[in-house]
Amino acid sequence: MAEFSELLKRLKAERKRLLQELEQMQSSQRELERRAGGPFGERGEEASQVLELEKRLDMEKRLKKALAEIDHVLEKYDAGTYGLCDSCGNPIEPARLEALPQASLCLSCKARQTRDAR
Ligand SMILES: [Zn+2]
């Protein structure tokens, strides 16, 4: 059985790392905009900058999603429901939590959700 307190520590460390990454990305984005005099610089460079911007936005979205997942399970931890499936309420497999402490669905619910999403 996985130690929840150990998983919590990992989650909090991961959260801090994600926040730092987000922060770093946003400040380098500001620097880029400052140098270019706006989100889009000289003509000709536009295409590559748009691509760059899209890549950043995509990464930012993924970082924020990962943060939201962690925040969600931290709330569950406070509520005393950490390790329980959001959907069916059964305990999430310890091996799954061990591999993915931010999991909020058990394996079978996750599989069903993935199937339904298609
Ligand atoms: Zn479930």
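The structure displayed is predicted, hence computed values, not measured ones.

Engineer: I'd like a rundown of the layout of surface pockets, residues and numbers included.
Structural biologist: Volume-wise, the largest pocket comes out at about 190 Å³. Looking at the lining of the largest pocket, the elements that each hand over two or more residues are α2 (46–79) and α4 (107–117). The residue inventory of the lining of the largest pocket, partitioned by class, reads three nonpolar, three polar and four charged.

Engineer: With reference to specific residues and values, describe the coordination of the zinc ion.
Structural biologist: Metal coordination angles have textbook ideals: 109.5 degrees for a tetrahedral set of four donors and 90 or 180 degrees for an octahedral set of six. Only Cys-85 (SG), Cys-88 (SG), Cys-106 (SG) and Cys-109 (SG) from the protein coordinate the zinc ion, and they sit 2.2 to 2.4 Å from it. The coordination sphere of the zinc ion comprises four donor atoms, whose angles at the metal cover 106 to 114°; the geometry is tetrahedral. Written as a sequence motif, the donor arrangement for the zinc ion is C-x2-C-x17-C-x2-C. Note that Cys-85 is positioned in the loop between α2 and α3 (94–99) and Cys-109 in helix α4, a separation of 24 residues in sequence. Its relative accessible area of 5% is what places Cys-85 among the buried residues. Classification of Cys-109 by relative accessible area gives buried; the value is 4%.

Cut-offs and rules
- Residues numbered from 1 in each chain as written.
- Predicted model: local features only at pLDDT ≥ 70, side-chain atom pairs only at ≥ 80, totals over all residues.
- Heavy atoms only, no water.
- 1 Å grid on protein atoms, 1.4 Å probe; cavity = no way out; pocket = protein on both sides within 12 Å on 5 of 7 lines; lining within 4 Å.
- Points joined across faces, edges and corners; volume = space filled by probe spheres on them.
- Helix = DSSP H or I, 4+ residues; strand = E, 2+ residues; numbered from the N terminus.
- Nonpolar A, V, L, I, M, F, W, Y, C, P; charged D, E, K, R; others polar.
- Donors = N, O, S within 2.8 Å, 3.2 Å for Na, K, Ca; no water.
- Tetrahedral: all angles 85-135°; square planar, octahedral: opposite > 155°, others 65-115°.
- Buried < 20%, exposed > 50% of the residue type's maximum accessible area, 1.4 Å probe, protein only.

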